[in-house]
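Take a look at the letters that make up each chain.
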Amino acid sequence: QVQLVESGGGLVQAGGSLRLSCAASGSMFRINTMGWYRQARGKQRELVAVIVSGGGSTNYADSVKGRFTISRDNAKNTVYLQMNNLKPEDTAVYYCNAQIQVVVTRPPDVYWGQGTQVTVSS
C-alpha cells in the first residue's frame, strides 16, 4: 500500500520560512512527477509546484515564483518545498501529490498525502 506522508507545516509570521517534506512509502516500481498543491478555505485546490522524476525540470505557480523552491531526493522517495518570504495569502492546507507506478505492468496512479496546514500571520 503506497502512502504519502507530509510534515513541516505550522504557524509562521509573514516574511518567515517553512520547509515541507513528503515521503512516499510502500512497494513501488517508480515515482514519476511529484508536486505540491494547496487549498485555502473556500477556494479550489491549486497547483503550487511540480518536479519531474529526474529533478531537472520544475514548474511553479506565478504567485510563488522566486519565493518557493521544490526539490526531491529520489533515494529517499521524498519531495520538499522550501517556502521563503511567506505571505498571509499563502495560508492553506498543502497537499503532496505523486504519480507512482506500483508495478512495471501498470500505468502510474495518482496519490495524495493527507495535507498539512500552513498558516501565515500578518
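Sequence order as written defines residue numbering, which begins from 1 separately in each chain. Reporting of local features is limited, given that this is a predicted model, to residues whose pLDDT is at least 70; pairs of side-chain atoms are given and counted only at 80 or more, and all residues count toward the totals for whole chains, interfaces and linings. Heavy atoms from the whole structure form the basis of all side-chain values; hydrogens and water molecules are not counted.

(A) Molecular detail of the side chain of S21. The numbering of helices and of strands both runs from the N terminus, where a helix is a DSSP run of H or I of at least 4 residues and a strand a run of E of at least 2. The residue S21 is located in strand β3 (residues 18-25) in this model. Under the relative-accessibility criterion, S21 is labelled buried at 18%. The contact rule is simple, with two residues in contact once any of their heavy atoms fall within 4.5 Å. Dropping the residues within four chain positions of it, S21 is found in contact with V5, E6, S7, W36, V79 and Y80. Each residue is assigned to one of three classes by its accessible area relative to the maximum for its type, calculated with a 1.4 Å probe on protein chains only: buried under 20%, partly exposed between the two thresholds, exposed over 50%.

(B) Layout of the packing of aromatic side chains. Stacked, tilted and edge-to-face are the three classes assigned to paired rings of Phe, Tyr and Trp, where Trp is represented by its six-membered ring and a pair needs centres within 6.5 Å; plane angles under 30 degrees give stacked, over 60 edge-to-face, the rest tilted. For the structure on display, the rule yields 1 aromatic pair. For the pair Y37 and W112, a centre-to-centre distance of 5.0 Å together with 65° between the ring planes defines the contact as edge-to-face. Residue Y37 is located in strand β4 (residues 30-39), and its partner W112 is located in strand β10 (residues 109-112); the two are separated by 75 residues in the primary sequence. You can call W112 partly exposed: its relative accessible area is 37%. By the criterion adopted, a ring carries a charge over it if an Arg CZ or a Lys NZ lies within 6 Å of its centre and within 35 degrees of its normal. Above the face of the Y95 ring, R45 is positioned so that its terminal group lies 3.7 Å from the ring centre. Positioned over the ring face of W112 is R45, at 4.7 Å from the centre of the ring.

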